[in-house]
Amino acid sequence: MTTSLQERLRGQLQALGFDEVRFARLPDPAVGAGLDAWLDAGYQADMAWMAKNRDKRQDPTRVLDGARSLILLGVNYWSAPSSPSAESNAPRWARYSLYADYHDTLREGLSEAGRLLEEICGAAPQDYRAYVDTGPVLERGWAARSGMGFTGKNAMLISRQHGNWLFLASVITRLEFAADPPIRRREVPGNPLGAQVGLLCGTCTRCLDACPTQAFARPGVVDSRRCVSYQTIENKGIIPRALRAGIGQRVYGCDVCLEVCPWNRFAREGRRLLLSARDDLREVSLADLLVLNPESFARVFRRTPIKRVKLGGILRNACIVAGNTGDPVHLPALVALAGHPLPLVRAHAVWAVHRLGGGAMLDGLRAAETDALVRAEYAAEDPLPA
Ligand code: B12
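Residues numbered from 1 in each chain as written. Predicted model: local features only at pLDDT ≥ 70, side-chain atom pairs only at ≥ 80, totals over all residues. Heavy atoms only, no water.

Colleague: Got a minute to help me understand the packing of aromatic side chains in this structure?
Modeller: What describes a pair of aromatic rings is the distance from one ring centre to the other and the angle between the planes of the rings. Enumeration over the complete set of coordinates arrives at 13 aromatic pairs. Geometrically, the ring pair formed by Tyr 96 and Phe 167 is edge-to-face, given 6.4 Å between the ring centres and 85° between the ring planes. Of this pair, Tyr 96 sits in the loop between strand 3 (92-93) and helix 5 (102-121) while Phe 167 sits in strand 7 (residues 166-173), placing them 71 residues apart in sequence. Note on accessibility: Tyr 96 and Phe 167 belong to one class, buried. Ring geometry for Phe 297 and Phe 301: centres 5.2 Å apart, planes at 50°, overall tilted. Here Phe 297 and its partner Phe 301 are both found in helix 12 (residues 294-301), four residues apart, which amounts to about one turn of the helix. Connected via pairs of aromatic rings, a cluster forms that spans Tyr 77, Trp 78, Tyr 96, Tyr 99, Tyr 102, Trp 165, Phe 167 and Tyr 252. One residue, Arg 95, lies across the ring of Trp 165, its end atom 5.3 Å from the ring centre. (Phe/Tyr/Trp six-rings, centres within 6.5 Å; stacked < 30°, edge-to-face > 60°. Helix = DSSP H or I, 4+ residues; strand = E, 2+ residues; numbered from the N terminus. Buried < 20%, exposed > 50% of the residue type's maximum accessible area, 1.4 Å probe, protein only. Lys NZ or Arg CZ within 6 Å of the ring centre and 35° of its normal.)

Colleague: How should the side chain of Thr 105 be read in this particular structure?
Modeller: Inspection of the secondary structure assignment puts Thr 105 in helix 5. Classification of Thr 105 as buried rests on a relative accessible area of 14%. A distance of 3.1 Å separates a polar side-chain atom of Thr 105 from the backbone oxygen of Leu 274. Non-local contacts of Thr 105, meaning those with residues more than four positions away in its chain, are made with Ala 100, Leu 274 and Leu 275. (Polar contact = N/O pair within 3.5 Å; in protein donor to acceptor, adjacent residues only side chain to side chain. Contact = heavy atoms within 4.5 Å.)

Colleague: Please explain the pattern of salt bridges as it appears in this structure.
Modeller: Close approach of charged atoms lets side chains of opposite charge pair. The full count for this structure, using the stated rule, is 26 salt bridges. Across the pair Asp 59 and Arg 62 runs a salt bridge, and its minimum N-O distance is 3.7 Å. In the salt-bridge network here, residues are joined through shared partners; they are Glu 7, Arg 10, Arg 22 and Asp 180. (Salt bridge = Lys/Arg side-chain N within 4 Å of Asp/Glu carboxyl O.)

Colleague: Which parts of the structure should I look at to understand the side chain of Asn 76?
Modeller: In this structure, Asn 76 sits in strand 2 (residues 69-76). According to the relative accessible area criterion, Asn 76 is buried, its value standing at 3%. A polar side-chain atom of Asn 76 sits 2.8 Å from the main-chain amide nitrogen of Trp 78. What Asn 76 contacts, discounting residues up to four positions off in sequence, is Asp 19, His 162, Trp 165, Leu 166, Arg 268, Glu 269, Gly 270 and Leu 275.

Colleague: Explain the environment of Val 329 to me, please; I cannot follow it from the model alone.
Modeller: On the secondary structure map, Val 329 appears in the loop between helix 13 (310-325) and helix 14 (331-337). Assessed through its relative accessible area of 57%, Val 329 is described here as exposed. In sequence terms Val 329 and Ile 158 are 171 residues apart; their C-alpha atoms lie 41 Å from each other.

Below you can see the structure in the form of structure tokens.
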């Protein structure tokens, strides 16, 4: 590709709403070097799909035969914090979830990107594949390789312009583009990820220290089993009792290791050309969440990423948050949830009721409980035979 065509493409993609547009050349085995160790340690928890396409994830040319380049795209989703909710125990949402589902909105941008590749660079539709999250591509590693930023000790791709508030997307293509250089190469001895982790972090360890569940196995390496983001979003089952207090008020995802990063001082409000804010979600109170039913769940969370955890998941998380408030005002709603049709919800409601000192309110339900997981929660609270 000539430099002028590559730069024209970059400019048009930026105009479309991609704040960062960078290029990398394939292959580069260094990018996938840490994946085996991560999977072998079991850090993917129950995300079996992470191990399934291991070879493809390590080498995008196995995803698209004859691929020569990757286009790495970043969308700034930072927006200044709005005034805090009047409710002191308001549920906290991962910042990214307060937008219409980025998988949908960025996908529209990616189909435009495909059209530009065809128009400007003469690509045929079979010459490229575009992904946001959805493909077996190590988006952060490749983004670091292309110099979009560096991999922080918090494992995030940190940009010097945007901090860690970038959504990433990628296009694998058979076209040949000139690679953008990584920020700087440096080996970090003893780090299994090899290159570059924490490159511009200096001695800062704020993210590692702030993690409420000690999820970092080492700098740059997240053990999903301990990560609040994994537990509240990806885990479909019981959340380990030992982690529940650390979840605090986080009802969906966790931004602690992002929020504390000093590089965010450079972040500026995004253009949001490819995003659609859902500020209405900030108004949803914990009390609202605890009485969600299938209809209200579908209505409130329509088109957001939160819908993926389904009603049972959000009620489960809300029970934990309610238990963590220490506020007995939530007891009536929690006792009602201890009789919910889903055992997953009942189990966490039982925990929360006990945590708020209302165990005696469950005597009738306890006697009638038949599900083994829920009975285990009763037994854990009160070791007398259930
Ligand atoms: C699985 C997954 C998770 C899992 C596991 C997280 C993890 N640390 O791997 C869970 C559910 C826990 C999770 C949580 C979150 N996630 Co997530 N997640 C993914 C997903 C689908 C795959 C990540 C993956 O491959 N992990 C495996 C490990 C081994 O890979 P890795 O950490 O990326 O490390 C590699 C590189 O860093 C590389 N490397 C490091 N430095 C360098 C330098 C050079 C030069 C080279 C060559 C290579 C290299 O070595 C490693 C191995 O190859 C990606 C989307 C995608 N397809 O990439 C989104 C993604 C990583 N998640 C994202 C987000 C936003 C989050 C959350 C912030 C959500 C939230 N608020 O709750 C948290 C953050 C947790 C954290 N600190 O990592 C964004 C990150 C954007 C960014 N700026 O970094 C992504 C890219 C989604 C997207 N399309 O925007 N996530």
